[in-house]
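So the chains spell out like this:
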Amino acid sequence: MRKKIGVFVCHCGINIAGTVDVKTVAKELSQYPGIEYAVDYVYMCSDPGQNMIIEKIMEKKLDGVVVACCSPNLHESTFRRAAQSAGLNPFECEIANIREQCSWVHKDKEKATEKAIKITEGVVEKIRWNERLQPIKVPVTKRALIIGGGIAGIQTALDLANSDIEVVLVEKNPSIGGHMIQLSETFPTLDCSQCILTPKMVEVSKHPKVKLYTYSEVQEVSGYVGNFQAKILQKPRYVDPDKCTLCDECSQVCPVVVPNEFDLGLTGRKAVYIPFPQAIPATYTLDIEACPGVLPIACGKCWDVCEPKAINFDMQPEVIEEKVGAVVVATGYDLYDKKNMAEYGYGKYPDVLDGLQFERLLSASGPTRGKILRPSDHMEPKEIVFIQCAGSRDPELHNKYCSRICCMYTAKHAKLYKHHVHDGQAYVFYIDIRAGGKGYEEFVNRSMEEEGVLYLRGKVSKVFEENGKLVVWGVDTLAGQDIEIRADMVVLAMAIRPSSGAEKLAKLLKVAQDSDGFFAEAHPKLRPVESLTAGVFLAGVAQAPKDIPDTVSQAGGAAIKVVSILSQPELLHSPLVARVNKSLCTGCGMCVEVCPFSAISLHEDKAEVNEVLCEGCGTCAATCLRAAIEVKNLTHLQIYDMLGVYLGGLR
Amino acid sequence: MNKDHEPRIVAFLCKWCSSAGSDMAGVSRLEYPPNVIPITVMCSGSVSPIYILSAFNLGADGVLVSGCHPGDCHYIKGNMYARRRMALLKELLPYLGLEPERFQMSWVSAAEGVKFTQIIKDFVAQLKPLGPQTYLRRSL
Amino acid sequence: MVKISDVRQEAKRLLEKGKVRGVVGYVPGTRGGWAIPYLIQEAERAEQLVWDPTCVHNLALFVVEEKKEQAKQKEPDKRPLAVMVKGCDSRAINVLLQEKFINREEVVLLGVSCENSGVVDRRKITHLLHGQQAGEIRFGDNGNIVVVVNSERRIFDPQEVLADRCLECQYNFPVVFDYFYGEKIKKTPPAPYAQVEKLESFSLEKRRQFWEEEMARCLRCYACRSVCPMCYCAECVVDPISFAVEPTTTAEEKAKKIKWIEKSPLLSENFVYHLVRAIHLAGRCVDCGECERVCPEGISIRLLNKKLEREALRLFNYVAGTDSQAPSLLSTFQETDPEDFIW
Amino acid sequence: MKDNPYLPQLARIVTIKEEVGGSRPIKSFRMQLLNGHRFDFKCGQCAMISVLGKGESMISISSSPLERDYLQFSVLKMGRVTSALHEMEQGSIVGLRGPYGNGFPLEQWTGKNLIFIGGGIGLAPIWSVLQTALRQQNDYGQLSLFYGARTSSDLVFKDELRKLKDTLPVYLSIDVEEPGWTEFVGFVPQNVADKKPSPDNAIAITCGPPIMIKFVIKTIQELGFQDNQIYTTVENKMKCGIGKCGRCNIGPHYICKDGPVYSWAKLKTLPQEY
Amino acid sequence: MEKILKKSDLGKWVGKLSAFDCYAPTKENDHWEFNQVTYLDSLPEDYTQVNVPLKKVVLPNREVLFNFEDNRNGGPHIQEVLPEEKEVVVFGVRGCDARGVALLSKIFSESSPDIYFERRKNQLYVVGLSCYPLPGDNCFCLSVGGGPFSTQGMDILLSDIGRKYFVEVLTPKGEKLVELGWEFFAEPNDQDRQDRLRREKKAQEMFNLEIHEAEKKAGVLHHLFEDKIWKTESFRCLKCGICTYLCPTCHCFDIADELASPVPLQGKRVRVWDTCQFPDFTMHSSGHNPRPDKSSRLRQRIMHKFLYFVETYGEIMCTGCGRCVSKCPVGIDIVNILNRVESHEG
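Residues numbered from 1 in each chain as written. Chains lettered and ligands numbered in written order. Predicted model: local features only at pLDDT ≥ 70, side-chain atom pairs only at ≥ 80, totals over all residues. Heavy atoms only, no water.

## Re the interface of chain C and chain B
Counting residues at the interface gives 47 residues for chain C and 44 residues for chain B. Regarding the contact of chain C and chain B, the summed buried area is about 4,100 Å², with carbon and sulfur atoms giving 70% of it. Scanning the region where chain C abuts chain B turns up 7 salt bridges. Taken together, the links from chain C to chain B amount to 20 residue pairs in polar contact (both at pLDDT 80 or more). (Contact = heavy atoms within 4.5 Å. Buried area = accessible area lost by both parts, 1.4 Å probe. Salt bridge = Lys/Arg side-chain N within 4 Å of Asp/Glu carboxyl O. Polar contact = N/O pair within 3.5 Å; in protein donor to acceptor, adjacent residues only side chain to side chain.)

## A short note on the pairing of strand β5 (residues 71-76) of chain D
All names here are of chain D. β5 sits mainly inside the fold: 6 of its 6 residues count as buried. Burial of β5 is two-sided: the residues L71, F73 and V75 facing one way and the residues Q72, S74 and L76 facing the other way are all buried. The pairing of strand β2 (residues 26-33) with β5 spans 6 bridges and is classified as antiparallel. Bridge pairing links F29 to F73 in β5. (Buried < 20%, exposed > 50% of the residue type's maximum accessible area, 1.4 Å probe, protein only. Helix = DSSP H or I, 4+ residues; strand = E, 2+ residues; numbered from the N terminus. Pairing = 2+ DSSP bridges.)

## Here's the deal with unusual backbone geometry
Omega for the peptide link from F187 of chain A to P188 of chain A comes to -5°, which places this bond in the cis form. Examined against the element boundaries, P188 of chain A turns out to sit in the loop between β8 (185-186) and β9 (191-192). A cis amide bond links G259 of chain D with the next residue in sequence, P260 of chain D, at an omega value of -5°. Along the chain, the position of P260 of chain D falls in the loop between α6 (255-258) and β15 (261-263). Although it is not a glycine, K100 of chain C adopts a positive phi angle of roughly 55°. Within the secondary structure, K100 of chain C sits in the loop between α3 (87-98) and β4 (107-112). A relative accessible area of 36% places K100 of chain C in the partly exposed class.

## Overview of the domain arrangement of chain D
The accessible area lost on association of the parts is a frequent measure of interface size. Residues and elements named next belong to chain D. Looking at chain D, the domain boundaries give domain 1 (9-100) and domain 2 (106-233). Each partner contributes residues to the interface: domain 1 has 21 residues there, and domain 2 has 20 residues. Here domain 1 and domain 2 share an interface that buries about 1,500 Å² over both sides, 56% of which is from carbon and sulfur atoms. The three residues of domain 1 that bury the most area against domain 2 are E19, C43 and L66, which together make up 31% of that side's buried surface. On the surface where domain 1 and domain 2 come into contact, there are 3 salt bridges. Between E160 and K17 there is a salt bridge whose closest N-O contact spans 3.5 Å. Put simply, domain 1 and domain 2 have 8 residue pairs in polar contact (both at pLDDT 80 or more) between them. A total of 4 residues in the side of domain 1 that touches domain 2 trace back to one element, the largest contributor, which is β5. Across the side of domain 1 that touches domain 2, the residue classes tally to 9 nonpolar, 8 polar and 4 charged. (Domains from an automatic or database assignment. Nonpolar A, V, L, I, M, F, W, Y, C, P; charged D, E, K, R; others polar.)

## Details of the sheet that holds strand β10 (residues 184-185) of chain D
All names here are of chain D. Read from one edge to the other, the open sheet built from 7 strands follows the order β10-β9-β8-β7-β11-β12-β15, with strand pairing classed as mixed. Edge positions in the sheet fall to β10 and β15, since each of these pairs with one other strand and no more. In this sheet, β10 lies alongside strand β9 (residues 170-174) in parallel orientation, the contact comprising 2 bridges. Looking across to β10, one finds that I174 is bridged to V185. Relative to the sheet, helix α2 (residues 123-135) contacts β7 (113-119), β8 (143-149), β11 (202-207) and β12 (230-233), its axis offset from that of β7 by approximately 155°. (Axes fitted to C-alpha atoms, helices over the stretch in contact; angles between N-to-C directions.)

## A few points about the packing of helix α3 (residues 78-95) of chain B against helix α11 (residues 267-281) of chain C
Relative orientation of the contacting elements α3 of chain B and α11 of chain C amounts to 145°, with a least axis distance of 11 Å. Between α3 of chain B and α11 of chain C the crossing geometry is right-handed. In this structure, α3 of chain B contributes L89, L92 and L93 of chain B to the contact, and α11 of chain C contributes L275, A278 and I279 of chain C. Considering only residue class, the contact of α3 of chain B with α11 of chain C consists of 6 nonpolar, no polar and no charged. (Left-handed = near helix turned anticlockwise from the far one by under 90°.)

Next up, the structure:
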């Protein structure tokens, strides 16, 4: 029997009824073939409205319901739930959007009504062929993989581990801690970054539910939500952490000195080294790139002096497989490459620093033990210029986005500078001040008012060296005059970029990146910690620039999202997935090639869909030359019939 | 030629960007001509060329395919495949003498209600002078 | 020059040894000096094989047909099929390999050189001979074509008699083969897309007129589709003349089959049929030109396919049938694909 | 209008009865012409049913020509048209043209015993003969019916068959055992072989799937039936119904006009293209 | 009735036939087709044979049978559509094509006459043109009951005898046409008659293709249903419709509903050419196909023409036009096949 369909036309107060003659829509539809019942009502989404739908489904024995109302993004689930409570399969209920796509954008009532009728009729045609589908059930591995051991990754790991979920935390550097461990003090409270982070680092490393892989990289992730398999490459450290006593003998004898990443090149380190004293795991690492060679052993001095015999040149890279149910990407950021900032002399003049280098100067554990000294001559800078938006908010030349944290840390830098150099003068070039966080505005104001930092609104055009001074040419747009400052030091609030491995990681996780290279969230407002790939979540700056409190909040958010998946006995996956008509399939494999989710494979010369991986995008359907594959409930026939209604009848 | 002809347009809108963008136009109460009937598909990558040809065959005066901007695709890269397919169709149709204005592709993000509105306005405006599409239209 | 005796000998050997289940090649036809495709299954028949400019057919088609035929057999003969292939045939084979319709082991390819020439256009020959029957047509020197009429030997310039597709072709020897006969002489056509470009230079109105006249003639005999090795679908999307119906196919599935276009030879339906076919052949058509040759109404179907061939090259730097390992034109993309047409 | 053989007359579906459910459903439709005209036909003839917009399908008439109130068609849901027909409701309008074909030569069978042997939906064409013979029982000898289907629920005319048992021998069968089934289990030809109907003064009328017909004929030949005592119907794809569209021929015969009813004596001389 | 028409008067005569739609062979690209013409001064000298035979006039590729609609309230409605009432004269029809229409009448005019064919045929006036020289290398009409000067199915036969046509007026329809331009027609003399006869005789000697004893083929084919020739010959068959679409006697068609609008339902039932060479032609909706392969379909085409039709109507359903031989893209040669099956006799 053909389906008995009911049509429910919503007035949405006057939102729809103001432009669309809803009575006419209901009347026309009631005469449409196969329509058992059609009615209009003032607010379909209200309880009485929903109850009416439920009652009519039962009374008229409907097996299809079309609600002509607002966008399906809003009330589709409302009405599907209502239909379900009346015994219908949720896929027997569809929304015809006659508000956002009709009543709200048209004025001519007659034409809008005509269009609303067409839209609704089209959905009626679609629903005729809708299948009753059941969600696909997927088992769940109750473990999570977190990629990145900065504050975002650490916080997510702790929140998850404390929720009794096993965590695999992967960090590519020898130690966890990320950029936060490099910072001196944090705005707006000026508490010491290391002091608040190291307890968390210790906690995560000791937590029985956390498996920590440092000096490791995720190489491959296959599978799907609830059931990922990750391959993790653990690079050889050539030092056995269990034996290493942190005596530092090896480092002492090591003849190789390379720039120290932790201090952003402001100091050097040896080929065998510990990144910083509180590093976790607490062990040395032999940097094979810098070492003269372990195979054959070219130097071996470290091995000679190591009493506990912790040095082991035979260590090999190891690939570890881990099964997890969810993945959190917390890969943080890199600073914008200095190559791009030639106009400010960054990279050319040693006294032009970036924000992180300045942090190291400020840090008690830093190269100058917390004294602000010029790298070139170890003199205390008396005039210092901070340049905000270095590489940010510059769509023509650099990055179009705002890096969000620079206003605040520049204010902090200027303030701390004043704390160190009381007689010094700090200038800040800014476009405008963005201090949206709690206590931030006050913090910036204090910098300006209490510390006497001179804020200049305008851009710096050029920085060059002249007679041992850094000449800063800029413009004060408020005063409308050109400015020249002869400074001892320039600090650039460099833009932050997605970390260097982000692109590769995005590919292997099959998650999207936005146009700036940050990981794309599923919805900018409503799903900010989810990626578009089910089971992959985002935390911290990997998703977009943000400060520590926001990062920690998002990390917590990501953790709860993971929990909400992993706490279920099994996952439900949308059944709107592709299906192969095997009698038409010739096994050409073009669908396999185009599938963004690797959900299709060939078996015995026919395509086969992994329904759990399939997201129902339908790219395969448009690629298949034989119409042998299509997405359930949005088939070629449904499209064709909709076209037929939209274009066929000449009313 | 009938200059007063009201063009009939079918717009294939991807669910995540362009359909959401058209919703945004609605939310913002932007006005555009009622000539376009949207068909929401999951992804512009799912729009088969035969849909477009069929739409013309069934009497459409214009067909719009709209997807997410490159890099923004909800399905990572469905729109990239669409771009290729539609590039060929865009070349082929005028080669056969169908006015190139009748088939259009656009990128409209979920936030671009204004852009969506402008596209529909422009599309309708460029179709109007062409009159009805009779070339591929089935007349029994 | 291809020594046909070598081809015959190899075919004979393959058949005698039972290495292949048959040899698809050309044998003399019954009317005039025109070759026909033939499936040779007895070794002694290999002597009948010919190779001359009347061997117009794309024998890759018969690989497809035989594959389907074998699939229907209860006990399929799993031995490979030997096929004579010229340049375009071999490219078609490559597309079939690329689309995994066949495996390389299923065919033994007897590649033949087009002798720096190509196959002839029957219409051109008929026109030149004023209706006289050609007794024999063979390759001459320097790409010339020798036509014997009433035992008189006439030599034609390739430009006069070759099929358009051959004049525009740059693959005059096979790109994939197991055996190869004749010389590999690289040929570069002066203007491979001259006809397409000419049509493009017309006004929209004139192009429209041109195609309307072409399409109005279509009888929908489907010879173009039937002769195309790429049209191997079990069921054509636009207009089934063969339904893929199996005993398990339900009534609903049959009722759901879409009639995208009507069977009537209406202008609009003819257009959509040919358009969909052209789109389906984008990046797959190897310009063997068979569709146009067989069309009883002489519709310029090649001009359609050739257009998309050029766009595939121009926009995406893609040439069909040259690499059986690469992804197909439309199952891949590049970040840099043009998008200036997009609003 | 009458002289245009392609023009259907409109008819109303007056009742719909679901005979068989499941994945191969069968429904019986009773129809009346809208214009009140009579639709004269012979047992075994067919009519072309149009579902406007979907097309036509040739269906045998399962009611008796003596039934003046309606025409009955029992339709297996099979393709586009029959699916559309199955979706129709009581009161819906369809097109009808015909009747087509030769029909059974009932006039030659007076006084003879008629043995009906049907399988599945194949009971429909012979049902018309059976109903006619029942109404004119005095004209014929003993009537008997063999009928089988895959399962008990695949049997058509269940209610009628139950009643029929009071008037004549009805031998039902299903292919495989089912709980509660007390009658024969096995294929129709086996049931026939089991019951051994006598060929004396008898005509066997059989219709069903081709494979069944083949074995029924073999079986009853073994029982002594001559070729001219065996009648069957054949089916091919049809479009025009009047022997012009060139589709349904077997040799020089067009089933739509020269068939569908054949004696085995005739059918065996024709090529096996059905 | 026999007449003489000067070639220079042809145009004048045609000018008198303004009440008719006139069709004549015109050249499209490199082949001839019957197209409507507004004037006709002469029949082209190089005219050979049209591509699509005369049958297209009586059995067009698409014929609307009726319109139907179902507006929501009124219920379905059917509106018969018949061919336009317009008389048509076709000039330059070759004997094979005219015979084709005559043979088609046997099918379409007998039991349950086909009103569409009937009407179109009744409105059709065939002005034939005898074949001297022969239009094509593959003509074999002489073998199958026709001939270069065959008059079957014609109303008038024109034979070129130099500067004038020898006109044979064969039917009352032909007389009607001649009467409309009676002033241009003269009586033939003996020389004219001899010229015509001489040419006919010469034409008959020009054939280089024949089916040996075609009339006996039915008897041979009768035994060849299971012959392997069908398989070997059909190997190269493309399953296209060329041989049948271009055949003067092939008449298979499909009936289909075409929709202008699904809702409200509005459309036409049409019949369109179809061919026994298409795979799904005989396929049951169950998927069963009594003619499942190319060999059974090739067999059907030949059997139909040389056996089944002969059994029913006593004539061969082939007029020897040679199109299927010339136009088959893969050289399937019905004449060759039939000549080869000779040996199977007995």
